[in-house]
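Per-entry structural report
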Amino acid sequence: MDRRLAFGAGLAVGGVALAVLAIWLARAGLEPPDGGQAATSPVALTLLPDDNPRGQPAPALAEPPATEETRAEEECPTYFGALLSLRDGAPIAGGTIRVEEPECAATIRSEAAGRFSWRPERFTGEALRARSEADGFVPAWHRLIPGVENRVALAPAARFRVHVTDARTGLPVPGACVRTVLHLVDEPEAAGLTDERGMLEADVPWAFERLEVDAEGYEMGYGPGSCAAADREARVALDPAVLLKIVVSDEQGAPVADPRFTVDPPGRSITAEAAERWEGRPVYSVRCRRWSRVTVAADGYASQAVDAGAAGAAPVEVRLARGFTLLLIVVSDGGVPLPAEVALSEEAIVKDPPLASYQCLVQADAAGLVRLAGLGRGGQYVLTVRAPKHLERDVEFSASAERDEETLRIVLAQADKSVLAGRVVDRESGAGIGGARVAVTGTSGLFAVTGDDGAFACPVPAEGGQLHVRKPEYCPAAVSVAEASANGGVIVLSRGASIQGSVVDQTGRPVPCARVTCGETSDYSDQHDVVADIRGLFEISGLGGSLYCLGATAPWNTKHVASVNARPGDRVRLEVWQGADLRVRVLCGAGATPRWTLYVAEFADGGETWRAFKPTAGLDEQRVIAPAGECWIKVRAEGCATVIRRVVLEAGTSSRLDVALAAGSRVEVRLREAQDGAALAGAVVRMDLRVADGVRTVNVAFAETDAEGVATFRLADGVYQAAARTADGREASRLLAVNGDAKVEIDL
């Protein structure tokens, strides 16, 4: 998958979370621009017809004014906000915000109160990618959203030293890229490269979640966060990457000339040398990480992917099928070529063996032309086509199994043909609500921000659509364009209630920057996600439901309270326990890695809860944040015995656990009627392993008896308790020691 798709989605989600965080970091409350009055987007002011007095119902679907000046106002909303310190929420004066979009670049400076405001000459998108920096702080990437307060938080810088070595030889690894990961920013920040001694000393955020170390020829390495590392120093040992040998052939087994290889992650093309031959065909050696996928492509062929977990002594043969080429022509409904962005993804993502789905993001040229080569013949694809000022369109496409090439013409409808003018008002007082955001659902750039009196003029599709209206402290509203038009453009919002609270650890100390989720318990339609401030305090506003379920997670912490129910107006206390970074790897010998599931036990309030993690098919490692102290790990895999492990973890540290998978013993439990010996079908048998002092048990598996009353298990050696329960509620149990295949009978 092209990393730009995931990158773009991650930026959008991360930017919203960062804005929410910054609001709480600056609880002292900074004045908005323009003398303390509520800031308004020019969109809401300029799109109203001249003959329509402010505050009066406007014609529902009026044509936008034709003047160039007014259109410029429509296309250029204001981006404003404040630059704040992540430590205490203090404003940062003299900071720099650099907007780095291809067609919209600018440098903005923050004022004495940390405030900034900027209006571009032209509007190219709803959110803009930016990088903020200031003396004494670590730079950070984020998104700027127009028409709303953007409070950007920067982490104070602190000196940190990292030593990177080869885990096999102990020698230093020069040129390794070290990144700090903080879940409050959009992407990991590169601290720098290690020198010839394998060392790096650099300024990093004063608090971060973990280190990521990336070096050519090595697996990705992880180090502890600043809250866990002693003396601001960490050591990271890297495991050598695997060597995947590939033979590239066509469907008849003949070698394919000049194949190309792309390793993902990290998503880069590499040059592989054919240093040996196998059955008369060249063997290409690709050095990659064991959880990577290598995509093989060649001119005239459909690309194919192979999992790096298949690496072994023998080469892996990849057979490429003849490819299909799709030529796209993107135009507007007026026939004008559009330099659109086209995302292509394959519908059949799940394959056997599992392979990466074909996915790419390409830009059309000035003539609106896009050439997509190397598609699978007969494949089902989805094309998502986007262009500024036009409606996004999804097109399903089937690649021909007979032809080599096909041309497809895609027409995008213009999105700015109509304007909905109206007001957003308070349900109780009837007064206009300033600063409310009115946006067309499922579009980019079709939105407006209300003025001081609640007036707005929002561009809408000619065929209508759905509007989403949101304003802090109010319950969000969804209304169709037709409904709003019939009501004279008036949209009513109800003032919502709020839930306040704090996040603390097991000692009662505040947990800063914890992520708090909140959902209405009846149908979970009203969802909220906020970030606590540096003091662990949070507030969720705009709640219109009666009962909500809240939970919290934080860096280097595990979720201790599964959920807390609260009503609007309540004040809650969420408790999380500090955890440890644990990487679990399964060892399967020379065979392929089976599908497996990792379970991590959490013990709280006298009970136990198992969290399940399902790694991507073919991968043999899973990383989790596990509870500190005594921790129980359970691994279930297809065709293997369930493995139980007890580990003791130190809070804030990184650990690794290798689990060897084996077939185990086949144990059959037969249930019979005690009176006549008849088989009991449909009963449930639970198998628990006795651990520790022989008193505690850990569940291994469940199984249902078949028509002959038999439930079959794959078990490792140990002492087990088999507990059976029939449909009519009868129960019985029995202890058994397993050290080989066995058959057990239980009478009920």
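Residues numbered from 1 in each chain as written. Predicted model: local features only at pLDDT ≥ 70, side-chain atom pairs only at ≥ 80, totals over all residues. Heavy atoms only, no water.

Details of the overall build of the chain
Rules: Secondary structure follows DSSP: runs of H or I at least 4 residues long count as helices, runs of E at least 2 residues long count as strands, and numbering of each begins at the N terminus. For every residue, the accessible area obtained with a 1.4 Å probe (protein chains only) is divided by the maximum for its type, and the residue is called buried under 20%, exposed over 50%, and partly exposed between those limits. Whether two residues touch is decided by their heavy atoms; if any such pair falls within 4.5 Å, the residues are in contact. Computed by Shrake-Rupley with a 1.4 Å probe, the accessible areas treat only the displayed protein chains as cover when residues are assessed.
Along the backbone of the chain there are four helices and 58 strands. Burial status across the chain gives 50% buried among its 748 residues. Long-range pairs, those at least 24 residues apart, make up 62% of the contacts in the chain between residues at least 6 apart in sequence. For the chain, the computed accessible surface area is about 34100 Å², with 49% contributed by carbon and sulfur atoms.

Points about the nonpolar core
The tendency in soluble globular proteins is for nonpolar side chains to be buried as a group. Put simply, the rule is: Nonpolar cores are built from buried Ala, Val, Leu, Ile, Met, Phe, Trp, Tyr and Cys residues. Side-chain atoms within 4.5 Å join them into one set.
Counting 27 residues, the largest nonpolar core has Val669, Leu671, Met687, Phe713, Leu715, Tyr720 and Leu736 as its most contacted members. Sorting the residues of this core by element identifies strand S52 (665-672), strand S53 (684-690), strand S54 (697-704), strand S55 (710-715), strand S56 (718-725), strand S57 (731-738) and strand S58 (742-747) as the ones contributing at least two each. Here this core takes four residues from S54, the largest share from any one element. Not counting residues within four places of it along the chain, the set of residues in contact with Val669 comprises Val685, Met687, Gly709, Val710, Ala711, Phe713, Val744 and Ile746.

A few points about the pattern of salt bridges
Counted only if it meets this: The rule for a salt bridge is simple: a side-chain nitrogen of Lys or Arg has to be within 4 Å of a carboxyl oxygen of Asp or Glu.
With the rule as written, the count across this model stands at 29 salt bridges. Between Asp214 and Arg179 there is a salt bridge; the shortest N-O distance is 4.0 Å. Residue Asp214 is located in strand S13 (residues 210-214), and its partner Arg179 is located in strand S10 (residues 177-181); the two are separated by 35 residues in the primary sequence. For Asp214, a relative accessible area of 13% corresponds to the buried category. Look at Arg179 and you get partly exposed, because its relative accessible area is 24%. Measuring nitrogen to oxygen at the nearest pair gives 2.8 Å for the salt bridge that ties Arg646 to Glu630.

Things to note about the sheet that holds strand S15 (residues 233-238)
Where we set the bar: Two strands form a pair only when DSSP identifies at least two bridges running between them. Orientation is described by axes fitted as lines to C-alpha atoms, over the contacting stretch for helices, and by angles from 0 to 180 degrees between their N-to-C directions.
Strand order in the open sheet made by the three strands is S12-S9-S15, with mixed pairing throughout. What marks the edges here is a single partner per strand, and that holds for strand S12 (199-205) and S15. In this sheet, neighbouring strand axes are inclined to one another by 30° on average, regardless of whether the strands run parallel or antiparallel. Pairing analysis gives seven bridges linking strand S9 (residues 157-166) to S12, with the strands arranged antiparallel. Residue Phe160 lies in a different strand from S12, and its bridge partner there is Ala202.

With respect to the packing of aromatic side chains
Ring pairs (aromatic) are described by centroid distance and by the angle formed between their planes. Let me state the cut-off plainly: Aromatic pairing here means that ring centres of Phe, Tyr or Trp (its six-membered ring) are within 6.5 Å. Orientation follows from the plane angle: under 30 degrees is stacked, over 60 is edge-to-face, and everything else is tilted. Counted as over-ring charges are cases with an Arg CZ or a Lys NZ within 6 Å of the ring centre that also lie within 35 degrees of the ring normal.
Under the counting rule described, the total for this entry stands at three aromatic pairs. Relative to Trp118, the ring of Tyr79 has its centre 5.6 Å away and its plane inclined at 35°; by these criteria the two rings are tilted. Residue Tyr79 is located in strand S2 (residues 79-85), and its partner Trp118 is located in strand S5 (residues 115-118); the two are separated by 39 residues in the primary sequence. Seen in terms of ring centroids, Phe261 and Tyr284 are 5.5 Å apart; in terms of plane orientation they differ by 50°. Their pairing is tilted. Here Tyr284 lies in strand S20 (residues 281-288) and Phe261 lies in strand S17 (residues 260-264), a separation of 23 residues in the sequence. Considered together, Phe261 and Tyr284 belong to a single accessibility category, that of buried residues. In this structure, Arg322 packs its charged tip against the face of Tyr301, placed 4.8 Å from the ring centre. Over the aromatic face of Tyr599 sits the side chain of Lys634, whose NZ or CZ is 5.2 Å from the ring centroid.

Overview of the pairing of S52
Both S52 and S55 contribute to a ladder of six bridges, which runs antiparallel. When the sheet's bridge partners are listed, Glu668 is paired in S55 with Thr712. In this sheet, S58 lies alongside S52 in parallel orientation, the contact comprising six bridges. When the bridges of S58 are listed, Val669 appears paired with Val744.

Quick word on the confidence of the model for the chain
Keep in mind that low pLDDT regions are not for reading the predicted coordinates in detail. Selection criterion: Confidence scores per residue from the predictor, reported as pLDDT, run from 0 to 100.
For the chain, mean pLDDT is 76; residues scoring 70 or higher make up 77% of the total. Overall, residues 1-74 carries pLDDT values under 50, and its contacts beyond four positions in sequence, including any with other chains, amount to 150 contacts.

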